[in-house]
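Chain and residue survey
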Amino acid sequence: MKPDDHRAAEAWLRERRHDIAPLARRQRLIAALLGVLVVLQAWVLARIIDQAAFAGAGLNALAPLLVAWVPLLLLRGGLAWTGDRLAWRAAQQVRSQLRRELFDHLRRSGPYPLRERPTGELGNVLVDAVEAIGPYFAHYLPARLLMTLVPPLILLAVWPADWLSGLILLLTAPLVPLFMALIGQAAQRASQRQWRQLSRMGGHFLDVLRHLPLLKAFNASRRETARIAQTAEAFRRRTMQVLRLAFLSSAVLEFLAAISIALVAVLVGFRLLDGEMAFFHGLFVLLLAPEFYLPLRRYGAQNHARMEAIAAAEQILEVLALPAAAPAATSSQVALRHGALELRDLHFTHPGGDTALAGLDLRIEPGEHLAIVGPSGAGKSTLLLLLLGFIPPESGEIRLAGAPLEAAHLAAWRRRIGWVPQRPHLFPGTLRENIALGCPDAPTETVREAAQAAGILDFIEALPEGFETPIGEGGRGLSGGQRQRIALARALLHRPDWLLLDEPTAHLDPDSERAFVAALRNLRGRVGIVHVAHRLETLHEADRIVVMQGGRVTDSGDWQTLCSRPGPFRDLLEAPA
Ligand code: ADP
């Protein structure tokens with residue numbers, strides 16, 4: 001991690017204080033009041049002891065001072081408690097706001113920029129990193145506030161009473177920030193390493209859990225357990241490094257504070273012995289000396305909260321820096337006209353990858369069943385990513401019914417399309433909930449219609465619990481073909497104009513494939529289908545087949561035409577599988 005990133009992360013953390021500006025104002029007021037109270041309390045206590053010890057004052061004479069001292073004590077406790085509560089609230093507010101922003105950003109980014117980040121790592125950022133920001137606002141900032149307000153107030157009070165002690169306080173105070181700066185670099189590096197390790201560990205652990213059957217089947221579970229143990233051990237060592245630095249720095253700070261207080265005490269003691277100083281002033285200074293160092297020590301002790309927060313902020317910033325595909329507010333209320341879908345001269349190159357689309361031109365009529373075929377790497381999946389709005393075209397445009405489809409139309413466009421990926425994910429829940437994923441409030445009749453259109457209604461109604469049948473994570477208990485047709489029902493639920501299919505039968509057995517293709521046949525004319533197909537046998541149904549190669553269309557026609565003449569399609573048909 002570069003120092004620039006580190007500075008940017010800290011600047012970003014400081015920016016977050018705008019989110020809690022009203023709370024911060026109250027915190028500043030409380031800190032200033034606390035400073036004044038500390039001085040007043042020491043003054044009253046020194047006066048009480050001085051009067052009792054040297055002026056022989058009785059309880060009666062001391063009564064007003066005692067009466068003043070007790071409320072001061074209570075008030076100080078009350079203010080400190082209120083300050084803590086405000087700090088917690090501030091931390092809570094920042095965390096909630098941040099989680100909202102992160103989710104919003106991820107939603108807008110879509111899955112494309114996330115493809116190379118392990119899910120576990122992302123989960124770690126959303127949960128742990130955001131959590132680690134909390135102590136910065138709950139502990140570190142309040143400690144810093146007290147450090148900037150209380151010691152100067154104490155210094156102002158001590159100086160007139162005894163300038164020499166004031167001078168010692170003044171000269172020793174900068175030792176704390178100096179020391180913090182000295183160990184800061186090392187502590188920062190240790191925190192960053194600890195965070196990276198935690199992220200990696202989270203990602204790895206989730207991966208292993210997900211693919212446990214695979215690891216078992218290959219007898220690799222023992223080896224993976226050993227690797228997890230190694231990662232955990234490395235993380236333990238990193239954590240210990242961080243803790244060692246944190247403890248070491250607080251021990252050194254305590255030591256510095258103790259020496260400085262002792263110095264003040266010795267000098268006060270000598271001058272009291274020599275009669276150069278009044279007892280009241282000496283006691284007043286001695287009572288305030290520990291109070292002077294207390295905020296400095298606390299600040300030092302909380303510095304690791306800052307280090308951790310910066311390390312966590314760097315990770316959060318990495319996620320927030322992922323490009324967002326869609327503008328912040330896209331409304332699904334935009335009225336899109338129904339008509340032909342035109343792709344004009346589309347270009348796209350994956351970052352760090354090859355050119356995926358190189359001037360693709362294609363026109364798809366409403367209700368047309370279009371199949372797209374081509375060798376691997378031809379750009380078919382990239383085209384689907386574009387149509388789904390997960391990536392914007394580099395150049396060229398997509399037009400719907402003659403009008404350009406813009407980023408601002410994305411939400412409305414998504415209401416017009418249904419998508420069936422290669423391996424759709426079914427969530428734990430009922431069949432009904434899975435079909436109604438896009439519109440949870442859809443009436444039963446609509447869910448039934450969608451199931452019927454997808455050719456899965458008979459199967460569902462034959463189940464004892466029908467649509468309310470619970471299914472496990474990933475659709476456990478259902479065959480591949482059933483899962484795929486449930487995904488088709490899900491895609492059809494909001495009656496889309498266009499259905500985007502990404503090799504939906506690639507993993508199906510011939511029977512399931514036939515059932516799926518039959519469901520598609522029944523949709524003929526009702527919905528436009530863009531079907532990226534791998535299995536050429538499924539293409540008889542298509543109205544038109546286009547062949548893609550090198551990111552552009554190289555041939556097009558119906559099954560009969562394409563089969564009857566030599567060309568890229570025949571080459572594909574005849575190529576060994
Ligand atoms: P198809 O679906 O026809 O196999 P793709 O659209 O997946 O083709 O790929 C088109 C080209 O883009 C290929 O050269 C591939 O290497 C590249 N590509 C695809 N996805 C990525 C990605 N996520 N990152 C980098 N390059 C990619």
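Residues numbered from 1 in each chain as written. Predicted model: local features only at pLDDT ≥ 70, side-chain atom pairs only at ≥ 80, totals over all residues. Heavy atoms only, no water.

The strand order β6-β9-β10-β3-β11-β12 describes an open sheet built from 6 strands, whose pairing is mixed. Each edge of the open sheet carries a strand with a single partner, namely β6 (417-420) and β12 (552-557). Sheet twist, expressed as the average angle between the axes of neighbouring strands with direction ignored, equals 20 degrees. In the packing of helix α10 (residues 380-387) onto the sheet, contacts are made with β3 (369-373), β6, β9 (498-502), β10 (528-532) and β11 (544-549), and the angle to β9 comes to roughly 145 degrees. (Pairing = 2+ DSSP bridges. Helix = DSSP H or I, 4+ residues; strand = E, 2+ residues; numbered from the N terminus. Axes fitted to C-alpha atoms, helices over the stretch in contact; angles between N-to-C directions. Contact = heavy atoms within 4.5 Å.)

For the rest of this paragraph, the subject is the pattern of salt bridges. Using the criterion set out here, one finds 27 salt bridges in the structure. Linking Arg107 and Asp104 is a salt bridge whose minimum nitrogen-to-oxygen distance equals 2.7 Å. One end of the pair, Arg107, and the other, Asp104, are both in helix α3 (residues 59-109), 3 residues apart, so they sit about a helical turn from each other. Here Asp104 falls in the partly exposed class, since its relative accessible area comes to 27%. For the salt bridge of Glu233 with Arg237, the shortest nitrogen-to-oxygen distance reads 3.6 Å. (Salt bridge = Lys/Arg side-chain N within 4 Å of Asp/Glu carboxyl O. Buried < 20%, exposed > 50% of the residue type's maximum accessible area, 1.4 Å probe, protein only.)

The next subject is the nonpolar core. Of all hydrophobic cores here, the largest spans 83 residues; its most connected members are Leu13, Ile133, Phe137 and Ile316. Breaking this core down by element, the ones donating at least two residues are α1 (3-15), α2 (21-54), α3, α4 (119-161), α5 (163-172), α6 (175-210), α8 (221-273) and α9 (279-320). The element best represented in this core is α4, accounting for 21 residues. With sequence-adjacent residues up to four places away left out, Ile316 is seen in contact with Trp12, Leu98, Leu102, Val125, Ala129, Val130 and Ile133. Core analysis: the second largest hydrophobic core is formed by 34 residues, Val420, Leu431, Cys439 and Ala489 among them. (Core = buried A, V, L, I, M, F, W, Y, C linked by side-chain atoms within 4.5 Å.)

Paired through their backbone hydrogen bonds, the strands of a sheet run either parallel or antiparallel. Read across the sheet, 4 strands follow the order β2-β1-β4-β5 without closing on themselves; strand pairing throughout is antiparallel. Across the chains shown, the open sheet's two edge strands, defined by having one partner strand only, are β2 (355-364) and β5 (403-404). Alignment of strand β1 (residues 341-349) against strand β4 (residues 395-400), held across 5 bridges, turns out to be antiparallel. For His347, the partnering residue across the bridge sits in β4 and is Ser395.

Here α2 spans 49 Å end to end across 34 residues, near enough to the 50 Å set by a 1.5 Å rise per residue. Positive phi appears at Gly56, one or two residues downstream of α2, with a value of about 60 degrees. (Expected span 1.5 Å × (residues − 1).)

A few words on the site of the ligand. Residues in close proximity to the ligand total 13 residues, the closest being Arg115, Gly377, Lys380, Ser381 and Thr382. Measuring from an oxygen atom of the ligand, one finds a backbone N or O atom of Gly377 at 2.7 Å. At 3.0 Å, a backbone N or O of Gly379 approaches an oxygen atom of the ligand. Its free accessible area being 560 Å², the ligand has 72% of it covered by the protein chains. Here the shell around the ligand gets 3 residues from one element, more than from any other, and that element is α10. By residue class, the composition of the shell around the ligand is 3 nonpolar, 7 polar and 3 charged. (Near = heavy atom within 4 Å. Polar contact = N/O pair within 3.5 Å; in protein donor to acceptor, adjacent residues only side chain to side chain. Areas by Shrake-Rupley, 256 points an atom, 1.4 Å probe, with all protein chains shown as cover. Nonpolar A, V, L, I, M, F, W, Y, C, P; charged D, E, K, R; others polar.)

To continue, consider a nonpolar patch on the surface. Residues Trp159, Trp163, Leu167, Leu170 and Leu171 make up a contiguous nonpolar surface patch of roughly 510 Å² in combined accessible area. Counting residues per element, the nonpolar patch draws most heavily on α5, which supplies 4 residues. Residue placement: Leu167 occurs in helix α5. Judged by its relative accessible area of 31%, Leu167 is partly exposed. (Patch = residues over 30% accessible without salt bridge, like charges linked within 9 Å, V, L, I, M, F, W, Y side chains within 5 Å.)

Among the 5 residues in β10, 5 count as buried, and that is most of the element. Residues Gly528, Val530 and Val532 point to one face of β10 and Ile529 and His531 to the other, with burial holding for every one of them. With 4 bridges joining them, β3 and β10 adopt parallel strand pairing. Bridged to His369 within β10 is Ile529. In terms of strand pairing, β9 meets β10 through 5 bridges, oriented parallel. Residue pairing across strands places Leu500 opposite Val530, the latter belonging to β10. As a crossover connection, the stretch from β9 through helix α16 (residues 510-522) into β10 is right-handed. (Right-handed = clockwise from strand over helix to strand, strands pointing away.)

With that out of the way, let us pick up the packing of aromatic side chains. With the rule as written, the count across this model stands at 10 aromatic pairs. Measuring from centroid to centroid gives 6.2 Å for Tyr112 and Phe348, while their planes differ by 75 degrees, and the two rings are edge-to-face. Pair noted here: Tyr112 is in the loop between α3 and α4 and Phe348 is in strand β1, with a separation of 236 residues, a long-range link. In this structure, Tyr112 and Phe348 share a single accessibility class: buried. Aromatic pair Tyr136 and Phe137: ring centres 5.1 Å apart, planes at 75 degrees, arrangement edge-to-face. Using a relative accessible area of 0% as the deciding quantity, one classes Tyr136 as buried. Among the aromatic residues, those joined into a ring-pair cluster are Tyr136, Phe137, Tyr140 and Tyr299. Here the basic side chain of Arg47 rests over the ring of Phe280, its NZ or CZ set 4.0 Å away from the ring centre. (Phe/Tyr/Trp six-rings, centres within 6.5 Å; stacked < 30°, edge-to-face > 60°. Lys NZ or Arg CZ within 6 Å of the ring centre and 35° of its normal.)

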